[in-house]
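Given next are the chains, with one letter for each unit.
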Amino acid sequence: MALFEYLSMAFSSIRANKMRSLLTMLGIIIGIAAVIAIETVGGSLSGSVSDSMSGMGVNSITVSLTQKDSDTATVGGGRTRLFMNSSPDEDDLITQGMIDEYLQAFPDRVDHVELSRTVGQGTIEKAGDPQTTITANVSGANHDALAAKEEDTPILSGRWLDDERDAGRRVCVVSEKFVEQAVGGSVRDAVGQRITLTINRMPYDFYITGVYAYVEDSYSTFMGASDDDSIQTNVYIPLDTAAQISGASSGYQSITAVTTAGTDMTSFVDTTGNFFASYYTRNDTWTASASSLSTLVETMTELLDTVSLAIAAIAAISLLVGGIGVMNIMTVSVTERTREIGTRKALGATNAAIRTQFIVEAIVLCLIGGAIGVVLGVTLGAALSNLLGYAARPSVEAIVIAVTFSMGIGVFFGYYPANKAARLDPIDALRYE
């Protein structure tokens, strides 16, 4: 019952001095609102950056060949290689055997490996207009690399390439825009049709096995068409067919490993790099290194969090100012209510009861200001996030800390005036004018 009595007295005092109480809470309101708004905007920005980069392959590890730092190396019996090749030889490339051993070594952490091979540009006559030549980018890709595109560019008709079924075959997957420009007719009718692409001045016949959805600005631009017909697309063919046409070696200069969910990317990037680098310990020119976007995402997130924290800390200074205001007003309240304090002590109120009364009043004052600040901060943070084009993500942690901090301010800055009131002599207080 004593607690309810203290609360009742606190609300009565606040209602009796509405304007003064509001001005006292203003510092608390502004401080908490600013901290929560900044944390909300910072969290929204960090979340949007992480989500955006997740779509770019944060769970992917790129393994590529790089030249060793030293330009001289001693090999077998003292032979020194003075000049390094600008491009790796066939023996230097990442082989399918290495990839297979990598998949066997980490079956629980590697979902699949995406492989691709650039062939070049292929030209074809425009459907219905033989005088116009359209140029598309042609590249080889395995099934896993193509299946990863399904979410953004789904297959509309037919199927993606199959590594075993299509090995060595002259088949391809094209976009619906390619069908419109170079084949004519519907995407359904295009499947199974033969097209002739001229690559490196040599004509090659391909049969269309699938047509994927065209997404503007997702692929390389068609060259040589008029402005009205300018589009962007790729033509995908089997990996071994791409190697035959381009005359490339059977190995790869770079591969992309996609990890399983829950894999610790930070450590596994190093593990992957060390695994492939072990094949190049005796190679005096080339080695393999691994990298991932996850490291960049973590760095950017940490940077954004640090900036948000620094700005929030500056905004939190207003909470200190608000706390001093609470102490000031409570001190004035003690002075104004000296006779009331004297009367209560004369009627038997203990020092602890008087002290608790004023501490509760200070806490209530700060909690009301904190509640208003939370609502204002969340609203302001959501509005700013939406204005910047990000989804609002209020920080529950920041809200809890802000409310707890406001209670702490009430106790800390309310204790001095409360203790001053408790130590008043009842006779002197009753004689106070």
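On a predicted model such as this, the values are computed, not experimentally measured, just so you know.

(A) Broad picture of the overall build of the protein. Counting secondary structure elements, the protein contains 14 helices and 13 strands. Classification of the 433 residues of the protein by burial places 42% in the buried group. Long-range pairs, those at least 24 residues apart, make up 76% of the contacts in the protein with a sequence separation of at least 6.

(B) Structural view of the side chain of S157. Assignment of secondary structure puts S157 in strand β7 (residues 155-158). S157 gets classed as buried once you look at its relative accessible area, which sits at 11%. What S157 contacts, discounting residues up to four positions off in sequence, is V187, R188, V191, T209, G210 and V211.

(C) Region of interest: the sheet that holds strand β4 (residues 110-114). Strand order in the open sheet formed by four strands is β4-β12-β1-β13, with antiparallel pairing between adjacent strands. Because the sheet does not close on itself, it has two edges, and the strands there are β4 and β13 (286-292). Pairs of neighbouring strands in the sheet enclose a mean axial angle of 25°, with direction left out of account. The pairing of β4 with strand β12 (residues 254-259) spans four bridges and is antiparallel. Pairing of E114 across the sheet is with T256, part of β12. The strands touched by helix α3 (residues 96-105) are β4 and β12; relative to β4, the strand with the most contacts, the crossing angle is about 165°. The sheet strands contacting helix α8 (residues 265-277) are β1 (60-67), β4, β12 and β13, and the helix crosses β13 at an angle near 165°.

(D) Quick peek at the pattern of salt bridges. Enumeration over the complete set of coordinates arrives at three salt bridges. A salt bridge links R159 to D166, with the nearest nitrogen and oxygen atoms 2.8 Å apart. A relative accessible area of 0% means that D166 is categorised as buried. In this structure, E180 and K177 form a salt bridge, with 3.6 Å as the shortest nitrogen-oxygen distance.

(E) Representation of the packing of helix α12 (residues 351-387) against helix α13 (residues 396-422). Where α12 meets α13, the closest approach of the two axes is 7 Å, and the angle between their N-to-C directions is 150°. The orientation of α12 relative to α13 falls into the category roughly antiparallel. Relative to α13, the crossing made by α12 is right-handed. For the contact of α12 with α13, the class distribution of residues is 18 nonpolar, six polar and one charged.

(F) Structural detail: the environment of S87. Counting through the fold element by element, S87 comes out in the loop between β3 (79-81) and α3. On the basis of relative accessible area, S87 is assigned to the partly exposed category, the value being 41%.

(G) Just the packing of α3 against α8, in detail. Their axes nearest at 11 Å, the elements α3 and α8 cross at an angle of 140°. One finds that α3 runs oblique with respect to α8. Between α3 and α8 lies a crossing of right-handed hand. Where α3 approaches α8, its residues M98, E101, Y102 and A105 are matched on the opposing element by F268, T272, F275 and F276. Its residues assigned to classes, the contact of α3 with α8 comprises six nonpolar, one polar and one charged.

Rules and cut-offs
- Residues numbered from 1 in each chain as written.
- Predicted model: local features only at pLDDT ≥ 70, side-chain atom pairs only at ≥ 80, totals over all residues.
- Heavy atoms only, no water.
- Helix = DSSP H or I, 4+ residues; strand = E, 2+ residues; numbered from the N terminus.
- Buried < 20%, exposed > 50% of the residue type's maximum accessible area, 1.4 Å probe, protein only.
- Contact = heavy atoms within 4.5 Å.
- Pairing = 2+ DSSP bridges.
- Axes fitted to C-alpha atoms, helices over the stretch in contact; angles between N-to-C directions.
- Salt bridge = Lys/Arg side-chain N within 4 Å of Asp/Glu carboxyl O.
- Parallel < 35°, antiparallel > 145°, perpendicular 65-115°, else oblique.
- Left-handed = near helix turned anticlockwise from the far one by under 90°.
- Nonpolar A, V, L, I, M, F, W, Y, C, P; charged D, E, K, R; others polar.

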